Amino acid sequence: MLAAVLRRRAFQSSLSFQFARCYASKSFPPHTVVTMPALSPTMTAGNIGAWQKKPGDAISPGDVLVEIETDKAQMDFEFQEEGVLAKILKDSGTKDVAVGNPIAVLIEEGEDASAFESFTLEDAGGEKEASAPLKEGASESSESADTSSKTATPPKSHPEPVPEEDTSSGGKIQSALDRIPNASAKAVRLAIESGVKIAGIKGTGTSGQITEADVKKAASGASSTSGTTGGPVSSYTDIPTSSMRKTIANRLTESMNQNPHYFVAATVSVTKLLKLRQALNASADGKYKLSVNDFLIKACAVALKKVPQVNSSWRDGFIRQFNNVDISVAVATPSGLMTPIVKNVEGLGLSSISAQVKDLGARARDSKLKPEEYQGGTFTISNMGMNPAIDRFTAVINPPQAGILAVGTTKKVAIPIESEEGTSIEWDDQIIVTGSFDHKVVDGAVGGEWIKEFKKVVENPLELLL
């Protein structure tokens, strides 16, 4: 009997997928129906990527059977035992296949794969609809629930009947005389010939009667309006949304709706930081190349240890404050925004942070991240400093975290310096940072204190080396 195990790249996953062993259904030989696995806690459906095996191909331990696009990334579906692929039930490119729905049929070596040419989804048990996505953190929140309390069954509610809307004009029955327009016979004839609705014309004749001149005026106005709006139709292209794009849309919409955001901004001098970076890179002998973002990630960790209330997340009935600092780093990829995590930043040096950021960023752009490398985190940094047009911006909190830091580009600013000889000008390299905080977790004064500690350590970067 075949057993399929999903290996998430470099480690053995504990997530199992569903499969069923079937015998002699419609005279089919013994076989195994492989179903769509749940590759992340929030996954309810996935897209079928490229099949790496075709019907009749043998499968050896570790072979990739198919690529599956989850709600977070594209992953390889690997098997650890031998078998033969008999039938593909979902072709490459099939979208929104619900978890648990059949995708392929496997047989043992020596069985005849051609016997499954007529095998259908109905033979595999049919399909089901995708269930509603689960919210991340739901399982952790449920751990704190009071299981000893009794809950009463809620009474059945009967919806009140909704009155139907009256689609008539004001709900008033019009008499036959009211429905006859107050217009001359020539005006009515001209309106019919011109295709003008006479009911919408305001009459200028005796007692408000619609005259022939009124119809001509309305007809000329309609023709001029159609001439201005009758131009070429706008051209557009509808782009299908990927599973990742849907997840980004759902999670960020949820964040804006459920997390009361507030924003704290500060101007931070990075002149000393840039000089320290230049000196460290010059003495690295090619072993590492530090970026400004590496320093800022470390500075976030230092500030989070000094103001631990920000290193927290809102849970159902309590606030969870983390002892370790795991920084999610926003990375733009071809398929959407990813936030790989640099873990335990408080205990890492700048060179280790730099190496991890480069590795995680490269694999994020290639959709090669493992789930545990982008799920979780205690705080996020989003740096758009590489774009010289961005002075500042505000970022949306990455739930269930309570804060995110948005970093703008570096600008040279003239600073007046007073001395005994008079006033002189020095140039200072500055950035504007904006912290977004969840007011459920972080009060305004606490958010301001965090920004203060961040600014302090960035402007005195030697503290990062302690």
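As shown above, the structure is provided for reference.
This structure is a prediction, so every number in the text was calculated from the model and none was measured.

**A closer look at the pairing of strand β7 (residues 64-69)**
And then number 1: Across the six residues that make up β7, a large majority, five, are buried.
And then number 2: Pairing of strand β5 (residues 45-51) with β7 involves three bridges; the strand directions are antiparallel. Directly across from isoleucine 48, in β7, lies its bridge partner isoleucine 68.
And then number 3: Of the pairings in the sheet, the one linking β7 to strand β8 (residues 74-78) comprises five bridges and is antiparallel in character. Within β8, the residue paired with glutamate 69 across the bridge is glutamine 74.

**Some remarks on unusual backbone geometry**
Trans is the common state for peptide bonds, and a negative phi is the common state for residues other than glycine.
And then number 1: Proline 400 follows proline 399 through a cis peptide bond whose omega is 5°.
And then number 2: As for its placement among the helices and strands, proline 400 is situated in the loop between β19 (379-383) and β20 (403-407).
And then number 3: One non-glycine residue, aspartate 96, lies in positive phi territory at about 55°.
And then number 4: You can see aspartate 96 is positioned in the loop between β9 (83-88) and β10 (97-98).
And then number 5: By relative accessible area, which is 44% here, aspartate 96 ends up partly exposed.
And then number 6: Non-glycine residue serine 367 carries a positive phi angle of around 55°.
And then number 7: Given the relative accessible area of 21%, serine 367 is considered partly exposed.

**Quick notes on the side chain of threonine 271**
And then number 1: By the secondary structure assignment, threonine 271 is in helix α6 (residues 271-282).
And then number 2: A relative accessible area of 16% means that threonine 271 is categorised as buried.
And then number 3: Reaching out from threonine 271, the side chain makes a polar contact with the backbone nitrogen of aspartate 429 at a distance of 2.9 Å.
And then number 4: Excluding residues that lie within four positions of it along the chain, threonine 271 makes contacts with Asp428 and Asp429.

**Side note on the packing of helix α7 (residues 292-306) against helix α9 (residues 444-459)**
And then number 1: Between α7 and α9, the shortest axis-to-axis distance is 9 Å and the interhelical angle comes to 135°. Viewed along their axes, α7 and α9 adopt a mutual orientation that is oblique. At the point where α7 passes α9, the crossing takes the right-handed sense. For the pair α7 and α9, contact is made by Leu296, Ala299, Cys300, Val302, Ala303, Leu304 and Lys306 and by Trp450, Glu453, Phe454, Val457 and Val458, respectively.

**Re the pattern of salt bridges**
Two side chains that carry opposite charge are able to pair once their charged atoms sit near each other.
And then number 1: Considering all chains together, one arrives at 12 salt bridges under this definition.
And then number 2: When the shortest N-O distance is used, the salt bridge between aspartate 63 and lysine 53 registers 3.3 Å. Of this pair, aspartate 63 sits in the loop between β6 (58-59) and β7 while lysine 53 sits in the loop between β5 and β6, and the two are 10 residues apart along the sequence.
And then number 3: By relative accessible area, aspartate 63 is classed as partly exposed at 22%.

**Thoughts on the side chain of histidine 31**
And then number 1: As for its position among the elements, histidine 31 is in strand β4 (residues 31-35).
And then number 2: Residue classification places histidine 31 among the buried positions, given a relative accessible area of 0%.
And then number 3: From its side chain, histidine 31 meets the backbone oxygen of proline 29 in a polar contact 2.7 Å long.

**Overview of helix α8 (residues 350-365)**
And then number 1: In this model α8 runs 23 Å from its N-terminal to its C-terminal C-alpha over 16 residues, within 8% of the 22 Å that 1.5 Å per residue would give.
And then number 2: Regarding α8, the residues found buried are Leu350, Ile353, Ser354, Val357, Leu360, Gly361 and Ala364. Along α8, the residues classed as buried sweep out an arc of 145° about the axis, all on the same side.
And then number 3: Against α6, α7, β16 (331-333), β17 (336-338) and β18 (341-342) lie the buried residues of α8.
And then number 4: Just beyond α8, the residue with positive phi is serine 367, at close to 55°.

**Remarks on the environment of leucine 190**
And then number 1: Structurally, leucine 190 can be placed in helix α3 (residues 185-194).
And then number 2: Counting along the chain gives 26 residues from leucine 190 to lysine 216, while the straight-line C-alpha distance between them is 7.9 Å.
And then number 3: If sequence neighbours within four positions are ignored, leucine 190 has contacts with Glu212, Val215 and Lys216.

**Some details on the packing of aromatic side chains**
And then number 1: The final tally for this structure, using the stated rule, is seven aromatic pairs.
And then number 2: With a centroid separation of 5.6 Å and 15° between ring planes, the pair formed by phenylalanine 28 and phenylalanine 116 is classed as stacked. One end of the pair, phenylalanine 28, is in the loop between β3 (19-22) and β4; the other, phenylalanine 116, is in the loop between β11 (102-107) and α1 (138-142), and 88 residues separate them in sequence. The pair formed by phenylalanine 28 and phenylalanine 116 is uniform in burial state, with each residue classed as buried.
And then number 3: The structure contains a cluster of three or more aromatic residues connected by ring pairs, namely Tyr262, Phe379, Phe437, Trp450 and Phe454.

**Observations regarding the nonpolar core**
And then number 1: Val310, Ile327, Ile381, Leu405, Trp450, Phe454 and Val458 are the most contacted members of the largest nonpolar core, which has 55 residues in total.
And then number 2: Residue contributions to this core peak at nine residues, all from α7.
And then number 3: Non-local contacts of leucine 405, meaning those with residues more than four positions away in its chain, are made with Cys300, Phe379, Thr380, Ile381, Ser382, Val433, Thr434, Gly435, Trp450, Ile451 and Phe454.
And then number 4: Among the nonpolar cores identified, the runner-up in size contains 19 residues, and Trp51, Ile68, Ile88 and Ile103 belong to it.

**Notes on the environment of asparagine 383**
And then number 1: By secondary structure assignment, the location of asparagine 383 is in strand β19.
And then number 2: Residues asparagine 383 and alanine 406 lie 23 residues apart in sequence; the distance between their C-alpha atoms is 5.9 Å.
And then number 3: Those residues in contact with asparagine 383 that sit more than four places away from it in its chain are Asn293, Leu296, Val407 and Gly408.
And then number 4: A polar side-chain atom of asparagine 383 sits 2.9 Å from a polar atom in the side chain of asparagine 293.

Calculation notes
Residues numbered from 1 in each chain as written. Predicted model: local features only at pLDDT ≥ 70, side-chain atom pairs only at ≥ 80, totals over all residues. Heavy atoms only, no water. Buried < 20%, exposed > 50% of the residue type's maximum accessible area, 1.4 Å probe, protein only. Helix = DSSP H or I, 4+ residues; strand = E, 2+ residues; numbered from the N terminus. Pairing = 2+ DSSP bridges. Polar contact = N/O pair within 3.5 Å; in protein donor to acceptor, adjacent residues only side chain to side chain. Contact = heavy atoms within 4.5 Å. Axes fitted to C-alpha atoms, helices over the stretch in contact; angles between N-to-C directions. Parallel < 35°, antiparallel > 145°, perpendicular 65-115°, else oblique. Left-handed = near helix turned anticlockwise from the far one by under 90°. Salt bridge = Lys/Arg side-chain N within 4 Å of Asp/Glu carboxyl O. Expected span 1.5 Å × (residues − 1). Arc of directions from axis to C-beta. Phe/Tyr/Trp six-rings, centres within 6.5 Å; stacked < 30°, edge-to-face > 60°. Core = buried A, V, L, I, M, F, W, Y, C linked by side-chain atoms within 4.5 Å.

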